[in-house]
Amino acid sequence: MSNSIFVMLKKEKMPRATEWAEQIKKEGFGLKIDTSYEEEKNDRDGIYGYRPCFYYNVDEIGYELDIILREQEAEDFQEWDDEFPEVKKFDLAVIFGIYEEDDANCAMVAGAVLAKMTDGIYFDVDEPMPINKLYRQCKEIDNMMKKR
């Protein structure tokens, strides 16, 4: 069984994968995300698929990445809009499917940086998280991953 976290943002603020990876590094995290999806064709369903990551010396980790647009998945966005009115101003969802604890660590850090750099909203278990609290948790994760 998998869980997911997601970031809601405006489409025009979505960075290129290489910019996102660079921002993760600038923020001081040891996470390296897969950026190869920039080379892939974006089909009607958006960008999706397993994305391997490296976190310091830990490999064989990653997350399922799904990037969807409001205009293509209006029904999903309507559910979010109904529960969280602040989501109505966003038109892009970046969803991280996670299976293992290390995968969750990768997704949390990648998602936190994405939310911060795009003024988006990070959701964990369908609840928005304040960016300051989220970053504190991410720094703890980063310290733990560094020691492995």
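About the criteria used
- Residues numbered from 1 in each chain as written.
- Predicted model: local features only at pLDDT ≥ 70, side-chain atom pairs only at ≥ 80, totals over all residues.
- Heavy atoms only, no water.
- Helix = DSSP H or I, 4+ residues; strand = E, 2+ residues; numbered from the N terminus.
- Rg over C-alpha atoms; globule rule 2.2 N^0.38 Å.
- Salt bridge = Lys/Arg side-chain N within 4 Å of Asp/Glu carboxyl O.
- Buried < 20%, exposed > 50% of the residue type's maximum accessible area, 1.4 Å probe, protein only.
- Phe/Tyr/Trp six-rings, centres within 6.5 Å; stacked < 30°, edge-to-face > 60°.
- Lys NZ or Arg CZ within 6 Å of the ring centre and 35° of its normal.
- Axes fitted to C-alpha atoms, helices over the stretch in contact; angles between N-to-C directions.
- Parallel < 35°, antiparallel > 145°, perpendicular 65-115°, else oblique.
- Left-handed = near helix turned anticlockwise from the far one by under 90°.
- Contact = heavy atoms within 4.5 Å.
- Expected span 1.5 Å × (residues − 1).

Notes on the overall build of the chain
Each helix and strand counted, the chain has 4 helices and 7 strands in total. When the helices and strands of the chain are placed in sequence order, the string is β-α-β-β-β-α-β-α-β-β-α. Here the chain has a C-alpha radius of gyration of 14 Å; the compact-globule value for 148 residues is 15 Å, and the two agree. Taken along its principal axes, the extent of the C-alpha atoms in the chain is 45 × 35 × 30 Å.

Observations regarding the pattern of salt bridges
Summed over all chains, the structure comprises 5 salt bridges. Note that Glu 27 is salt-bridged to Lys 116, the shortest N-O span being 3.4 Å. Remark: Lys 116 occurs in helix α3 (residues 101-118) and Glu 27 occurs in the loop between α1 (17-26) and β2 (31-32); sequence separation between them is 89 residues. The buried category is assigned to Glu 27, whose relative accessible area is 18%. For Lys 116, a relative accessible area of 41% corresponds to the partly exposed category. Across the salt bridge formed by Asp 81 and Arg 70, the nearest N and O atoms sit 2.7 Å from each other. In this pair, Asp 81 sits in helix α2 (residues 74-83) while Arg 70 sits in the loop between β4 (58-69) and α2, placing the two residues 11 residues apart along the sequence.

Overview of the packing of aromatic side chains
A full pass over the atoms with the stated rule returns 8 aromatic pairs. With centroids separated by 5.8 Å and ring planes inclined at 65°, the aromatic side chains of Phe 29 and Tyr 135 adopt a geometry described as edge-to-face. On the criterion of sequence distance, the pair formed by Phe 29 in the loop between α1 and β2 and Tyr 135 in helix α4 (residues 131-146) is long-range, its members being 106 residues apart. Its relative accessible area of 11% is what places Tyr 135 among the buried residues. Here a set of aromatic residues connected by ring pairs shows up, and it is made of Phe 6, Phe 77, Trp 80, Phe 84 and Phe 123. Just above the ring of Tyr 135 sits the side chain of Lys 116; from NZ or CZ to the centre is 4.6 Å. A cation sits over an aromatic face here: Lys 139 above Phe 29, 4.3 Å from the ring centre.

With respect to the packing of α3 against α4
One can describe the packing of α3 onto α4 by two numbers: an axis separation of 10 Å at closest approach and a directional angle of 140°. With respect to α4, the element α3 is oriented oblique. α4 is crossed by α3, and the crossing has left-handed handedness. Across the interface between the two elements, Asp 102, Asn 105, Met 108, Val 109, Ala 112, Val 113, Ala 115 and Lys 116 of α3 pack against Ile 131, Leu 134, Tyr 135, Gln 137, Cys 138, Ile 141, Met 144 and Met 145 of α4.

Observations concerning α3
Along its 18 residues, α3 runs 25 Å from first to last C-alpha, staying within 8% of the 26 Å computed at 1.5 Å per residue. Looking one or two residues past α3, Asp 119 carries a phi angle of roughly 55°, positive in sign.

What about the environment of Ala 17?
Considering the arrangement of structural elements, one finds Ala 17 in helix α1. Put simply, Ala 17 and Ser 36 are 19 residues apart on the chain and 7.9 Å apart in space, counted from C-alpha to C-alpha.

Interpretation note: all reported values are geometric properties and have no functional meaning in isolation.
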